[in-house]
Amino acid sequence: MRFPLSWLREYVDLPAVTAHEVADKLTAAGLKLESIESVGYDIKNVVVGEVLSIEELTGFKKPIRYCSVEVGEAAPRWVICGATNFAVGDRVAVALPGAVLPGGFEVGSRKTYGHVSDGMICSARELGVGDDHDGILILPAGTHLGADVVELLGLRDDVIELEVTPDRGYALSIRGVAREAAAAFGVPWRDPADVEPPAFTEEAHPASIADPSACDRFVLRAVSGFDPSAETPMWMQVRLVRAGMRPVSLAVDVTNYVMLELGQPLHAFDRSRLTGPIVVRRAEPGERLETLDHVVRELHPEDILITDESGAISMAGTMGGLETEISGESSDLVIEAAHFSASGIARMSRRHNLISEASRRFERGVDRELPLYASWRAVQLLVAFGGGTAGAGVTDVSIDVEPPTITIPADHPDRVAGVTYGRETVVRRLEQVGCTVTGTPDAGGQEGTGGASYPADVLDGPSAAAGLLTVTPPSWRPDLTDPNDLAEEVIRLEGYEKLPSVLPAAPAGAGLTEAQRLRRRVGRALAAAGYVETLAYPFVGARDLDDLQLPADDARRRAIRLANPLSEDEPLMRTTLLPGLLKTLVRNVGRGFGDVALFETGLVYRPEPGAPGKAPVLGVDRRPTEEELATITAALPRQPLRLAVVLAGERDRSGWWGQGRPATWADAIEAARTVAREAGVELSISADRHAPWHPGRCAALHLGETLVGHAGELHPRVAEAFGLPPRTCAMELELSVLEDALPGPAQARPVSAYPVATQDVALVVPADVRVADVEAALKQGAGELLESIRLFDVYTGAQAGEGNKSLAYTLRFRAPDRTLTVEETTAARDAAVALAAERTGAQLRGA
């Protein structure tokens, strides 16, 4: 909403404040400032002149006139002008030598077209009050010669633009802003709608409402004998331009002016083009209308129309029809003001991509009681400036609408804001916005008619003492429908800046769950190991699954499709974390970071086989039944929490100390072990074949008998498809399974004060025996005295024998209550080797 400050001051007794101070107050009241523009302050030395004579110059491609102009000085000035819309005796705006026009344009005396032009006769656009540059601005006859045009036309002003939210449609008018400004400054104001229409008993033009859901009030007034050539007063043109609207003609300008002033959109019809009674109805199938923008529109059955016997003549509240347009010969007018359905106008304007100033106001809600007064205000202006006579009648078709009421505890705003306002303040502020407030000091739990209410058992303590208020919102505030809406009005008018900053009290006993603690521990452990956490969108495309080389029957290809995806390339919910991580890795490598280690924790979405393809859409008028909830739950995919890492480049950096070490499949497996250690569990590792990993460098991760993930080096085809560096490695595991296996709060292990006993063993096993199986046997055989086991060497040379490998382990033994003897550690070692030999065929090397 744009408006000049001078227009606002006409209705509000503002103190001597600047436009910025006014904007600050309005912003504090909830009307956000968009901009402030100072206009007209740069215009200097432009005065009123009278054309004394005109000499037509010939020999040029366009009409050129050499004019003698009286400006109240000792002698007339001679000015060259190319416009032809003025005559001798007209009063015009003359920029004298040394004048400055908007934009810093300076005017001087100069020789042109063979004559000296001692100034310039100005058009409206050259003065910054319109787009008309075809002709000279003609001032009213009798305007004082030599008067300052800037002061005469009120060109110096501050224009404030406010961003009006959808719930404050009343602020799209001077009337609404004036009410807010008066409340903000605590000063009186005058309602521009406070006009008393005369009482009429006859109709201005027959009309009816065929669809009450489309319109509940329709008002018509008539003006006869109107002069279609009458000019719009310059002050009105200036205000329209300052408000961002283009002056067109007196009839159109008056309807626009009243709309800006009162917030009620109006439309003027040429009465001679109307055929029979006017009816407000919905469109019929196949109906069409050519609107004022010369576009023939196919109408939708839900469109709201104003019609006569010839058919549609206007798209209600949006744009009029061309057939009944006001022309240069229209002398009899019918002025229409109505209250249309806000949602109906909003849908229609968007359906036809036709957003107008009128539709912006209707879709936000206008005052239902205003059409009678706004139409009379428009008629008064048309008669005053365009001649003619106001019609002896008014058509007022109205559907009875029960005004809503809201029952609210008087201390409800106090409880919402955490500030004690008091009953008197609440009543005063609600009445200030136009509400009618009645109340009772008791807390009997009475309900208001048609509004929200509070039962007696809710009103305890202060509420019971404060009592109830029954509030009837004003007709211009359709957004006030709930007790919290009323609380907001009190709070904003009292000042948001007065609300104290109070931290909410933390509930006793609250804290992180064990699962949350695990996620934090895992993140810290991986960060300490050199990984960087990333966060990717949970969306993938079919191409991502193809690039992972997933088989056609792989469960990860069964994904949830989004109804409205952000990108058509990624319309699916992810079933694995790897695509997002791999794309992030490629992006970093492409920007020069070749040594990358990344991890991500997030949900994946795995539809259950046989689940419904689509969840039912339920209403909001009741709680869903247990059967409906079960149906929704069955349609939801399984959403386990997963963790994945990717590595590329060097794991240990090269430097002056020597050659570095590239990341390998073993690093990916170690990342899984790092996560497991934080969960207090141990994973078993075994070889596997699982896309997208390399068949010979892929490990399955098991927790007991449960498969929790995979780790290893990615298949070369996957690396090529994603554009990854060669030998890129990755790991993905299901963190939800580890969370379920948490043993509970971490328990500190007792520290033994006795020394450790170390035994080394080298075992020769067949080459196809898994290292994990050998290690598991040694652990079980060694018994409770074993503190740790570490593989420190793998040998496959000739001494191990063909088809064999040698595995060297360090076994550390310690007792919590004594120093172990050599015999005890030797016996534990021998038991471990014996069980390994039994299970895997291991033999002591050199034995």
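You'll find the structure just up there.
Residue numbers restart at each chain and count upward from 1, following the sequence in its written direction. Restriction of local features to residues with pLDDT of at least 70 applies here, the model being predicted, together with a cutoff of 80 or more for giving and counting side-chain atom pairs; totals for whole chains, interfaces and linings are based on all residues. The basis for the side-chain values is all heavy atoms of the structure; hydrogens and waters are excluded.

Digging into the packing of helix 14 (residues 514-528) against helix 18 (residues 665-679)
Reasoning step 1: Convention adopted: a line fitted to C-alpha atoms gives each axis, helices being fitted over their contacting stretch, and angles between N-to-C directions are expressed from 0 to 180 degrees. Strands are runs of DSSP state E lasting at least 2 residues, helices are runs of H or I lasting at least 4, and numbering of each runs from the N terminus. Two elements in contact, helix 14 and helix 18, have axes separated by 9 Å at closest approach and are oriented at 140°. Judged by the angle between their axes, helix 14 and helix 18 are oblique. Here the hand of the crossing between helix 14 and helix 18 comes out right-handed. Residues Leu518, Arg521, Val522, Ala525 and Leu526 of helix 14 form the contact with helix 18, whose own contacting residues are Ala671, Thr674, Val675, Glu678 and Ala679. Angle categories are assigned with fixed cut-offs, so that under 35 degrees is roughly parallel, over 145 is roughly antiparallel, 65 to 115 is roughly perpendicular, and the rest are oblique. Throughout, a crossing is termed right-handed when the near helix is turned clockwise from the far one, and left-handed when it is turned anticlockwise from it by less than a right angle. We call two residues in contact whenever any of their non-hydrogen atoms come within 4.5 Å of each other.

A closer look at the packing of aromatic side chains
Any aromatic ring pair is given by two values, namely how distant the centres are and how the planes are angled relative to each other.
Reasoning step 1: Any Phe, Tyr or Trp ring, taking Trp's six-membered ring, that has another such ring centre within 6.5 Å forms a pair; planes under 30 degrees apart are called stacked, those over 60 apart edge-to-face, and the others tilted. Applying the stated rule across the entire model yields 8 aromatic pairs.
Reasoning step 2: Here Trp7 and Tyr257 contribute two aromatic rings whose centre-to-centre distance is 4.8 Å and whose plane-to-plane angle is 15°, an arrangement assigned as stacked. One end of the pair, Trp7, is in helix 1 (residues 5-9); the other, Tyr257, is in helix 6 (residues 250-262), and 250 residues separate them in sequence. Here Trp7 and Tyr257 have matching classes, each one buried.
Reasoning step 3: Seen from their ring centres, Phe340 and Phe362 are 5.2 Å apart, and the 65° between their planes marks the pair as edge-to-face. Summary of the burial criterion: residues with accessible area below 20% of their type's maximum are buried, those above 50% are exposed, and those between are partly exposed, where the area comes from a 1.4 Å probe applied to protein chains only.

Section: the nonpolar core
Reasoning step 1: Side-chain atoms within 4.5 Å are what join buried Ala, Val, Leu, Ile, Met, Phe, Trp, Tyr and Cys residues into a set we call a nonpolar core. Counting 57 residues, the largest nonpolar core has Phe3, Leu8, Val22 and Leu382 as the members making the most contacts within it.
Reasoning step 2: Per element, the largest residue contribution to this core is 8 residues, and it comes from helix 6.
Reasoning step 3: Apart from the residues lying within four places of it in its own chain, the contact partners of Leu382 are Val223, Phe226, Leu250, Ala251, Val254, Leu333, Ile335 and Gly387.
Reasoning step 4: Membership of the second largest hydrophobic core comes to 33 residues, among which are Leu641, Ile669, Ala672 and Leu742.

Thoughts on helix 4 (residues 174-185)
Reasoning step 1: Under the 1.5 Å per step criterion, the end-to-end length of helix 4 is 16 Å for 12 residues, consistent within 8% with the ideal 16 Å.
Reasoning step 2: Within helix 4, 11 of the 12 residues are buried, leaving the element largely enclosed by the surrounding structure.
Reasoning step 3: Those residues of helix 4 not exposed but buried are Ile174, Arg175, Gly176, Val177, Ala178, Arg179, Glu180, Ala181, Ala182, Ala183 and Phe185.
Reasoning step 4: Downstream of helix 4 by one or two residues, Gly186 has phi in the positive range, about 65°. One fewer than the residue count of a helix, multiplied by 1.5 Å, yields its expected span.

Quick look at the pairing of strand 24 (residues 406-409)
Reasoning step 1: Residue alternation in strand 24 divides its side chains into two sets, Ile406 and Ile408 and Thr407 and Pro409, and both sets are buried.
Reasoning step 2: Strand pairing requires that DSSP identify at least two bridges connecting the strands. Pairing of strand 24 with strand 26 (residues 468-472) involves 4 bridges; the strand directions are antiparallel. Directly across from Pro409, in strand 26, lies its bridge partner Leu468.

Details of the sheet that holds strand 34 (residues 684-687)
Reasoning step 1: Overall, mixed pairing links the 7 strands, which are arranged 27-30-31-37-36-35-34 in an open sheet. With partners counted over all chains shown, the strands left at the sheet margins are strand 27 (532-533) and strand 34, one partner each.
Reasoning step 2: Direction of pairing for strand 30 (residues 596-603) relative to strand 31 (residues 641-648): antiparallel, over a ladder of 8 bridges. Its bridge partner lying in strand 31, Val596 is registered against Ala648.
Reasoning step 3: Against the sheet, helix 16 (residues 578-590) touches strand 30, strand 31, strand 35 (693-703), strand 36 (706-714) and strand 37 (729-734), its axis set at about 30° to strand 31.

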